[in-house]
Amino acid sequence: VIDSNELNENKKIICFYISKQSINEDQLSLVLKGILPSYSIPNLFVKVETIPTTIHGKLDRSKLLNSVKNNDLSVKNDELDTYTETEKLVVKIFETHLNTIVKLDADFFRIGGNSLLAMVVINEINSKLKIKLPISTFFKNPSPSGLSHLIDTQEKRFYSSNFGPKIPIGLY
């Protein structure tokens, strides 16, 4: 487990693991929450074939961090074509503030977000879409797909600013 300060990103804890079996990262995260304090829970789990070492036998952090960059976290271009306009906008806002590629179902808090950054993200979403989404809704729907679905399924009259002030979506 290392932090990602060297990636010039928001600080994240990354867990690198070797396994012959598939591991459910959500279940692993839940187990760790029962053992570790919340600030020590990894934001990202990366499966690697081997743990790289330097010629002196020490952990080679730079090679591990390169595996994060090369990890299959990217979204395929053909997937982007299936996104709604709202999903594209929310993903772009997440990526801008998290400095990482974000998948549609990615949990904001698991990929490095925190409550202060959530406020910045929700303000930008509200500003760009001319809505007033409360922060509590963001905490209940921390993925681009969850937020986009909520916004898209609301009737336009509830969040249209063409006819007056912003009206909140969701409950406070």
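Data block above holds the structure.
Now for a look at the structure at hand. Here the structure is a predicted model, which is why all the values come from computation and not from measurement. (Residues numbered from 1 in each chain as written. Predicted model: local features only at pLDDT ≥ 70, side-chain atom pairs only at ≥ 80, totals over all residues. Heavy atoms only, no water.)

## Let's talk about helix 4 (residues 85–98)
With 14 residues, helix 4 should cover 20 Å at 1.5 Å per step; its first-to-last C-alpha distance of 20 Å lies within 8% of that length. By the burial criterion, the buried members of helix 4 are T86, E87, V90, V91, I93, F94, H97 and L98. The buried residues of helix 4 all sit within an arc of 160 degrees when viewed along its axis, so they share a single face. Exposed and facing more than 90 degrees away from the buried side of helix 4 are E85 and K92. If you follow the buried residues of helix 4, they end up packed against helix 5 (115–129), helix 6 (135–140) and helix 7 (144–153). A positive phi of about 55 degrees marks N99, the residue just after helix 4. (Helix = DSSP H or I, 4+ residues; strand = E, 2+ residues; numbered from the N terminus. Expected span 1.5 Å × (residues − 1). Buried < 20%, exposed > 50% of the residue type's maximum accessible area, 1.4 Å probe, protein only. Arc of directions from axis to C-beta. Contact = heavy atoms within 4.5 Å.)

## Some points on the nonpolar core
Judged by nonpolar contacts, the single largest core of 22 residues is most densely connected at F94, F108, I125 and F138. Among the secondary structure elements, those contributing two or more residues to this core are helix 4, helix 5 and helix 7. Among residues more than four places away in sequence, those in contact with F94 are V102, F108, V121, F138, P142, S143, P144 and L147. Grouped together as the second largest cluster of nonpolar side chains are 8 residues, I14, V46, L65 and V68 included. (Core = buried A, V, L, I, M, F, W, Y, C linked by side-chain atoms within 4.5 Å.)

## Some points on the packing of helix 4 against helix 5
Two elements in contact, helix 4 and helix 5, have axes whose closest approach is 10 Å; the angle formed by their N-to-C orientations is 145 degrees. Of the two possible hands of crossing, helix 4 and helix 5 adopt the one that is right-handed. Side by side, helix 4 and helix 5 meet where T86, L89, V90, I93, F94, H97 and L98 of the first sit next to L117, V120, V121, E124, I125, K128 and L129 of the second. Looking at the contact of helix 4 with helix 5, its residues break down into 10 nonpolar, 2 polar and 2 charged. (Axes fitted to C-alpha atoms, helices over the stretch in contact; angles between N-to-C directions. Left-handed = near helix turned anticlockwise from the far one by under 90°. Nonpolar A, V, L, I, M, F, W, Y, C, P; charged D, E, K, R; others polar.)

## Quick look at the pattern of salt bridges
With the rule as written, the count across this model stands at 3 salt bridges. In this structure, the salt-bridge partner of K88 is E85, at a minimum N-O distance of 3.7 Å. Here the residue K88 and the residue E85 both occupy positions in helix 4, the gap between them amounting to 3 residues, near one helical turn. Overall, the relative accessible area of 33% leaves K88 in the partly exposed class. Here E85 falls in the exposed class, since its relative accessible area comes to 61%. We note a salt bridge from E124 to K128, for which the minimum N-O separation is 3.7 Å. With a gap of 4 residues between them, E124 and K128 both fall in helix 5, about one helical turn apart. (Salt bridge = Lys/Arg side-chain N within 4 Å of Asp/Glu carboxyl O.)

## Topic: helix 5
Over its 15 residues, helix 5 extends 21 Å from the first C-alpha to the last, a length consistent with the 21 Å expected when each residue adds 1.5 Å. Within helix 5, burial applies to L117, A118, V121, I122, I125 and N126. Between a side-chain oxygen at the N-terminus of helix 5 and the backbone nitrogen of L116 the separation is 3.1 Å; the capping residue is N114. Looking one or two residues past helix 5, K130 carries a phi angle of roughly 55 degrees, positive in sign. (Polar contact = N/O pair within 3.5 Å; in protein donor to acceptor, adjacent residues only side chain to side chain.)

## A look at the environment of E87
Within the secondary structure, E87 sits in helix 4. Separated by 58 residues in the primary sequence, E87 and S145 have C-alpha atoms spaced 6.3 Å apart. Residues contacting E87, with those up to four places away along its chain left out, are T82, L104 and S148.

## A closer look at the packing of aromatic side chains
Inspection of the entire model under this criterion finds 7 aromatic pairs. Taken together, a centroid distance of 5.2 Å and an interplanar angle of 70 degrees make the contact between F94 and F108 edge-to-face. Of this pair, F94 sits in helix 4 while F108 sits in the loop between helix 4 and helix 5, and the two are 14 residues apart along the sequence. You'll find F94 and F108 in the same group, each marked buried. Aromatic ring contacts, followed pair by pair, group F94, F108, F109, F138 and F139 into a single cluster. (Phe/Tyr/Trp six-rings, centres within 6.5 Å; stacked < 30°, edge-to-face > 60°.)

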